[in-house]
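# Tertiary structure, described
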Amino acid sequence: MRETPVSPPERKPSRIQTENRQRIRDAALGLFATQGFRGTTLDQIADACGMHKPNLIYYYESKEAIHIDLLNTLMEEWLSPLGAMDPGGDPLEEILGYIHRKMEMSRLYPRESRLFANEIVQGAPRMLPHLESTLKPLFDSQCGIIAKWIKDGKIADLHPAHLIFSIWAVTQHYADFEAQIAVLLPGDDKRARGADQFVEVMFRKVLTP
């Protein structure tokens, strides 16, 4: 009886390889966030990360491969706060906690937010399968949790889906329109804290039955 050949174990990337991939990802993120996918070239990414184009292609065969890698990672990070809402927790505090985490992410990761927004505005050509397979089930599940809280009279009678849409619109505004906010509130070193306070008060009033 012939033995089935065993494939050798996949080699773990070296420290240098890991660092180079991160350099490429970071450079590409900045370009995609400001110029969009179509406005960015592999040559620009190579220049931005200080790497020759053939070396870059060793790690990523195309700009689409880099873009998809970034979007996949972003999807996991972006959805984790939504998935963290606890059905057994205090409804008002769970939703406000989610809003707080979204505000924090908008401050810490504005480029990632703009990358996601650019992809969606273009019709999600590279991300649509993930929206359908990952976001949609989680979104439906969390809408169900919110609907139960509403039915139990624990929060105001609101449309769960549109509540989540509103949270996304408000919180991500502070990342996607960061340049506009800086112009309209120049020299305001407390604007982040002011935004947090305003958004919490607004949603607390909306959610309180």
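Rules behind the numbers
- Residues numbered from 1 in each chain as written.
- Predicted model: local features only at pLDDT ≥ 70, side-chain atom pairs only at ≥ 80, totals over all residues.
- Heavy atoms only, no water.
- UniProt positions renumbered as here; feature names shortened; annotations may be inferred.
- Helix = DSSP H or I, 4+ residues; strand = E, 2+ residues; numbered from the N terminus.
- Buried < 20%, exposed > 50% of the residue type's maximum accessible area, 1.4 Å probe, protein only.
- Contact = heavy atoms within 4.5 Å.
- Salt bridge = Lys/Arg side-chain N within 4 Å of Asp/Glu carboxyl O.
- Lys, Arg positive; Asp, Glu negative; His and termini not counted.
- Domains from an automatic or database assignment.
- Buried area = accessible area lost by both parts, 1.4 Å probe.
- Polar contact = N/O pair within 3.5 Å; in protein donor to acceptor, adjacent residues only side chain to side chain.
- Nonpolar A, V, L, I, M, F, W, Y, C, P; charged D, E, K, R; others polar.

The name an unreviewed UniProt entry gives the chain is TetR family transcriptional regulator C-terminal domain-containing protein, with Marivita cryptomonadis as the organism.

## Some details on the UniProt feature "domain: HTH tetR-type" (unreviewed entry) in the chain
Listed under "domain: HTH tetR-type" (unreviewed entry) in the UniProt record, and renumbered for this structure, are residues 18-78. End-to-end, the C-alpha atoms of residues 18-78 are 22 Å apart, and along that stretch the chain is 79% helix and 0% strand.

## Brief notes about the environment of Lys-154
Position of Lys-154 relative to the elements: it lies in the loop between helix 7 (128-151) and helix 8 (160-176). Residue classification places Lys-154 among the partly exposed residues on the basis of a relative accessible area of 46%. Along the chain, Lys-154 and Thr-208 lie 54 residues apart, while their C-alpha atoms are 8.0 Å from each other. Apart from the residues lying within four places of it in its own chain, the contact partners of Lys-154 are Pro-91, Trp-149 and Pro-209.

## With respect to unusual backbone geometry
As a rule of thumb, non-glycine residues mostly have phi less than zero, and peptide bonds are mostly trans rather than cis. Here the phi dihedral of Ala-124 falls at roughly 55°; this positive angle occurs in a residue that is not glycine. As for its position among the elements, Ala-124 is in the loop between helix 6 (110-121) and helix 7. Residue classification places Ala-124 among the buried residues on the basis of a relative accessible area of 4%.

## Thoughts on the pattern of salt bridges
Here the structure, examined in full by the defined rule, presents 12 salt bridges. Two residues, Arg-21 and Asp-69, come together in a salt bridge whose shortest N-O distance is 3.7 Å. In this pair, Arg-21 is assigned in helix 1 (residues 15-35) and Asp-69 in helix 4 (residues 63-83), connecting sequence segments 48 residues apart. Linking Glu-178 and Arg-114 is a salt bridge whose minimum nitrogen-to-oxygen distance equals 3.6 Å. Here Glu-178 is found in helix 9 (residues 178-184), whereas its partner Arg-114 is found in helix 6, with 64 residues between them in sequence. Salt bridges sharing common partners tie together Arg-21, Arg-25 and Asp-69.

## Some remarks on the side chain of Lys-102
Mapped onto the secondary structure, Lys-102 falls in helix 5 (residues 91-108). Look at Lys-102: it is buried, it has no salt bridge, and the nearest opposite charge is Asp-176 at 8.8 Å. Among all residues touching Lys-102, those that are not within four sequence positions of it are Trp-78, Trp-168, Thr-171 and Gln-172.

## What to know about the UniProt feature "DNA-binding region" (unreviewed entry) in the chain
What UniProt calls "DNA-binding region" (unreviewed entry) maps, in this numbering, to residues 41-60. With 70% helix and 0% strand, residues 41-60 has its two end C-alpha atoms placed 13 Å apart.

## Structural notes on the domain arrangement of the chain
Domains assigned within the chain are domain 1 (15-61) and domain 2 (73-207). Distance between the C-alpha centres of domain 1 and domain 2: 29 Å. Taken residue by residue, the interface counts nine residues in domain 1 and eight residues in domain 2. Summing the contributions of domain 1 and of domain 2, the shared interface buries around 770 Å²; its carbon and sulfur component is 55%. Sorting the residues of domain 1 by area buried against domain 2 places Leu-29, Ala-33 and Phe-37 first, and these three jointly supply 57% of that buried surface. There are one salt bridge connecting domain 1 and domain 2. Between Arg-111 and Asp-26 there is a salt bridge, with the nearest N and O atoms lying 2.7 Å from each other. Along the contact surface separating domain 1 from domain 2 lie three residue pairs in polar contact (both at pLDDT 80 or more). Across the side of domain 1 that touches domain 2, the residue classes tally to four nonpolar, two polar and three charged.

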